[in-house]
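If you want the building blocks of each chain, they are given just below.
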Amino acid sequence: MIAGTETMSWRGKYIGWYRITEEILGKLVPPLSDQEIMENVTIDDEFTAPTGQEHLPRNKAKPLPQLKIKLSDTGIELGIIYRNPEQLELLKNIFKETHSADMEKLLKSLQALDPSYETVLYSRQRDEKPMILRKYVSARLDAPLLERLIEETESLRKGGRQIVNNQSVYVPPRSPLLYMTRANTPLDETDYRNALTDIKPLFELLTGVKTQREIISDRLSKPRQRRNMYREFIEALNEARGKDLIGAEKRREINQKWRDNEDQREELMDYLRNLLGQGTSE
């Protein structure tokens, strides 16, 4: 049952700030009504944006990271969070070879943040206040450190026997919360807009990490993609030769380069498109 308007009225302070969030982040956050915004504010006075995947079946929903906003009398806390195992499993895919370019972009996006942005790991047990376990300047994060943070987050959730002070002790499972990055700004619209602009490239990259299903689908579609690209290449090559824009020797040379240098194929396509007056590919 949805809480009444009077009960939820204090949550309305998040509405204006979320409207700014929608404006800056666009499709990275779902459009919400005023009522929906208030429904996503917890009793602890924290707003966590839904991912837009909530209506999908569990086996089809993508476990995206979420944006969290916390208002106080003096400022705004803004962060990108991972709170459940499925979200972390998605994040771990960035370490795969298929995402090597994304990993490089991730680290560059983090390094571009000023020192006020922090990467934080919280631990919490039932009826306890969250406790900070790890805190780093986001710009100093590297791949090995990120991997260790994810492993520690998973370990906290599982609990079990651990060695503490050279003794084996049972550690109960906890509820971890990982902020990929977090910043606190004054209660000022310009500062908040700047913070959203800062984290937008990072949030876009993290929400774009592919699931295992998407990785497999891409792998299966590659032979067809290669065939389609080769067909386009041959058509452009023949058209350039037919219009006498290249000679027979040049045609053979370009064709051989295509076969021998896979990493130059897009460059060769751009060359032919320019030659034919079509411009470069997007």
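Everything below is about the structure shown above.
Conventions used here
- Sequence order sets the numbering: in each chain, residues are counted from 1 along the sequence as written.
- Residues qualify for local features only when their pLDDT is at least 70, as the model is predicted, and side-chain atom pairs are given and counted only at 80 or more; totals for whole chains, interfaces and linings, by contrast, use all residues.
- By convention in this description, side-chain values take in all heavy atoms of the structure and omit both hydrogens and water.
- Only runs of H or I of at least four residues qualify as helices and only runs of E of at least two qualify as strands under DSSP, and these elements are numbered from the N terminus.
- A contact between two residues is defined here by any heavy atoms of the two lying within 4.5 Å.
- Remark: exposure states derive from per-residue accessible area (1.4 Å probe, protein chains only) relative to the maximum for the residue type, with buried under 20%, exposed over 50%, and partly exposed in between.
- A pair of strands is labelled paired if DSSP reports no fewer than 2 bridges between them.
- Definition used for salt bridges: Asp or Glu carboxyl oxygen within 4 Å of a side-chain nitrogen of Lys or Arg.
- Residues are said to line a cavity or pocket when one of their atoms sits within 4 Å of a point; the points come from a 1 Å grid over protein atoms alone, cavities being sets where a 1.4 Å probe fits but cannot get out and pockets being open sets with protein on both sides within 12 Å along at least five of seven lines.
- Grid points are joined across faces, edges and corners, and a volume is the space filled by probe spheres set on the points.
- Just so you know the grouping, Ala, Val, Leu, Ile, Met, Phe, Trp, Tyr, Cys and Pro go in nonpolar, Asp, Glu, Lys and Arg go in charged, and all remaining residues, Gly too, go in polar.

> Would you mind showing me how to read the environment of Ala139 here?
With respect to the element layout, Ala139 can be found in the loop between β5 (131–137) and α6 (143–158). Counting along the chain gives 22 residues from Ala139 to Tyr117, while the straight-line C-alpha distance between them is 7.6 Å. Leaving out residues up to four positions away in the same chain, Ala139 has contacts with Leu110, Gln111 and Leu113.

> How should I be thinking about the pairing of strand β4 (residues 118–123) in this particular structure?
A regular strand places its side chains so that they alternate between the two faces of the sheet. Counting buried residues in β4 gives 5 out of 6 residues, a clear majority hidden from the surface. Sheet topology places β4 next to strand β8 (residues 177–186); 4 bridges connect them, and they run antiparallel. Paired with Val120 across the bridge in β8 is Tyr179.

> Would you mind going over the pattern of salt bridges with me for this structure?
When the charged atoms of two side chains lie near each other, side chains of opposite charge can form a pair. In the structure shown here, the tally under the stated rule is 22 salt bridges. Two residues, Arg182 and Glu77, come together in a salt bridge whose shortest N-O distance is 3.9 Å. Of this pair, Arg182 sits in strand β8 while Glu77 is found in strand β3 (residues 75–82), placing the two residues 105 residues apart along the sequence. The class for Arg182 is buried, based on a relative accessible area of 7%. Classification of Glu77 by relative accessible area gives buried; the value is 16%. Where salt bridges share partners, they join Glu77, Glu118, Lys135 and Arg182 into one cluster.

> Would you take a moment to explain the layout of surface pockets for this structure?
The rolling of a water-molecule-sized probe over the atoms marks out the regions of remaining empty space. Approximately 560 Å³ is the volume attributed to the largest pocket. Lining the largest pocket are 19 residues, with Glu46, Lys68, Arg124, Pro130 and Leu177 sitting closest to its centre. Broken down by secondary-structure element, the contributors of at least two residues to the lining of the largest pocket are β2 (66–71), β4 and β8. Residue contributions to the lining of the largest pocket peak at 3 residues, all from β8. Split by residue class, the lining of the largest pocket holds 5 nonpolar, 3 polar and 11 charged. Reported here for the second largest pocket is a volume of approximately 480 Å³. For the second largest pocket, the lining is made up of 19 residues, of which Arg58, Ala61, Lys62, Pro63 and Glu86 are closest to its centre. Every element with two or more residues in the lining of the second largest pocket is listed here: α4 (85–92) and α8 (212–242).

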